[in-house]
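Chain by chain, the residues:
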Amino acid sequence: MNRKYRKTIIAGNWKMNKTPSEAKELIEGLKAKVGRQKWCDVVLCVPFVDIPVAVRTARDAKIAVAAQNMHYEKSGAFTGEISADMLKELGVKYVVVGHSERRQYFAETDKTVNLKVKAALETGLRPIICVGETLEQREAEITEQHITAQVKVALLDIPAELVRKVVFAYEPVWAIGTGKTATAEQAAEVCALIRAVIRAKYGARVARSVTIQYGGSMNASNAQELLSQLDVDGGLIGGASLKADDFAAIIFAANQ
Ligand code: PGA
């Protein structure tokens, strides 16, 4: 990470875990451990129904709340969907866009990712855009082309002043929930590639201000090595964000 130009962001992605009462308990536990630390931004990506209690419980701490998805339209006949305005009114600051589970199970595409990124930014939400290759793509040595295309399409028609608000998460699909972490070198290489794609389109000043996270089986024991890489500016953490102790340990690892 390079603290001079960009913020370190440690985000917990709870996925479909924690009822509202469990959410409150976890956030209380986290507050007791990390209090008002100053070295990174902490974000909790919680299920929709947990948002009100999460915002309320996190209010007096340096913890922001994110949604895990949203629709790109402002309103309308989209049964079961949630808009950016709805999230914003509840005090949500970030939204995860294009997580590989949404791409895999809910037909999310690079095109819908781009529409969601636009809608989020227009509403003042910061998108955390997930990109990553499958094992087959890595083995076929097309990781670079795949990530480049995902980043380029996600940023179509996004003006430079808004790109600074975007967060990227490099999440190799083969490392998510598998216990297989990318090596620090692999993580660093792809995070640097993402920055290079941003630099080619928006220039060096914009590129160096964008936070790029690594995600995929990050935990208390591997976080420090991953986060010490120059272009790895934080983590998007699934499994290890579900217990206050484990997640707090990662937040502390970001302070090395
Ligand atoms: P994991 O999930 O840390 O459980 O691998 C990461 C993610 O999906 O964001």
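Residues numbered from 1 in each chain as written. Predicted model: local features only at pLDDT ≥ 70, side-chain atom pairs only at ≥ 80, totals over all residues. Heavy atoms only, no water.

A. A look at the layout of surface pockets. In this model, the largest pocket occupies a volume close to 470 Å³. What lines the largest pocket is a set of 19 residues, among which K15, M16, Q68, R102 and F106 lie closest to the centre. It is helix α4 (residues 100-105) that provides the largest number of residues to the lining of the largest pocket, a total of three residues. By residue class, the composition of the lining of the largest pocket is eight nonpolar, six polar and five charged. (1 Å grid on protein atoms, 1.4 Å probe; cavity = no way out; pocket = protein on both sides within 12 Å on 5 of 7 lines; lining within 4 Å. Points joined across faces, edges and corners; volume = space filled by probe spheres on them. Helix = DSSP H or I, 4+ residues; strand = E, 2+ residues; numbered from the N terminus. Nonpolar A, V, L, I, M, F, W, Y, C, P; charged D, E, K, R; others polar.)

B. Broad picture of the site of the ligand. Residues in contact with the ligand amount to 13 residues; listed here are only the nearest, K15, H99, E171, G177 and S217. One of the side-chain nitrogen or oxygen atoms of H99 is found 2.7 Å away from an oxygen atom of the ligand. In the model, an oxygen atom of the ligand is placed 2.7 Å from a nitrogen or oxygen of the G177 main chain. Burial of the ligand by the protein amounts to 94% of the accessible area it has alone, namely 280 Å². Here the residues of the shell around the ligand are counted per class, giving four nonpolar, seven polar and two charged. (Near = heavy atom within 4 Å. Polar contact = N/O pair within 3.5 Å; in protein donor to acceptor, adjacent residues only side chain to side chain. Areas by Shrake-Rupley, 256 points an atom, 1.4 Å probe, with all protein chains shown as cover.)

C. Structural context of unusual backbone geometry. A positive phi angle, close to 85 degrees, is found at K18, a residue other than glycine. With respect to the helices and strands, K18 occurs in the loop between β1 (9-13) and α1 (20-34).

D. Region of the structure containing α1. Taking 1.5 Å per residue as the helical rise, α1 with its 15 residues ought to reach 21 Å, and the 21 Å between its terminal C-alpha atoms agrees with that figure. Considered for burial, the residues of α1 that qualify are A23, L26, I27, L30, K31 and V34. For α1, the arc enclosing every buried residue in end-on projection is 140 degrees, short of the 170-degree limit, so these residues lie on one face. Those residues of α1 that are exposed and angled more than 90 degrees off the buried face are S21, E25 and A32. Buried residues belonging to α1 abut β2 (41-46), α2 (51-58), β3 (63-67) and α12 (244-253). One or two residues past the end of α1 sits G35, with phi positive at roughly 40 degrees. (Expected span 1.5 Å × (residues − 1). Buried < 20%, exposed > 50% of the residue type's maximum accessible area, 1.4 Å probe, protein only. Arc of directions from axis to C-beta. Contact = heavy atoms within 4.5 Å.)

E. Structural context of helix α7 (residues 143-154). Compared with an ideal rise of 1.5 Å per residue, which puts 12 residues at 16 Å, α7 spans 16 Å between its outermost C-alpha atoms and is within 8% of the ideal. Taken together, the buried positions of α7 are occupied by T143, I147, T148, Q150, V151 and A154. Projected onto a plane normal to the axis of α7, the buried residues spread over an arc of 165 degrees and lie on a single side. Residues of α7 that are exposed and angled more than 90 degrees away from the buried face: Q145 and K152. Looking at the buried positions of α7, the neighbouring elements they touch are α4, α5 (110-123), β5 (126-131), α6 (135-139), β6 (167-170) and α9 (184-202).

F. Broad picture of the environment of G238. Inspection of the secondary structure assignment puts G238 in the loop between β8 (234-237) and α12. Here G238 falls in the buried class, since its relative accessible area comes to 18%. When sequence neighbours within four positions are dropped, the list of residues in contact with G238 reads N13 and K15.

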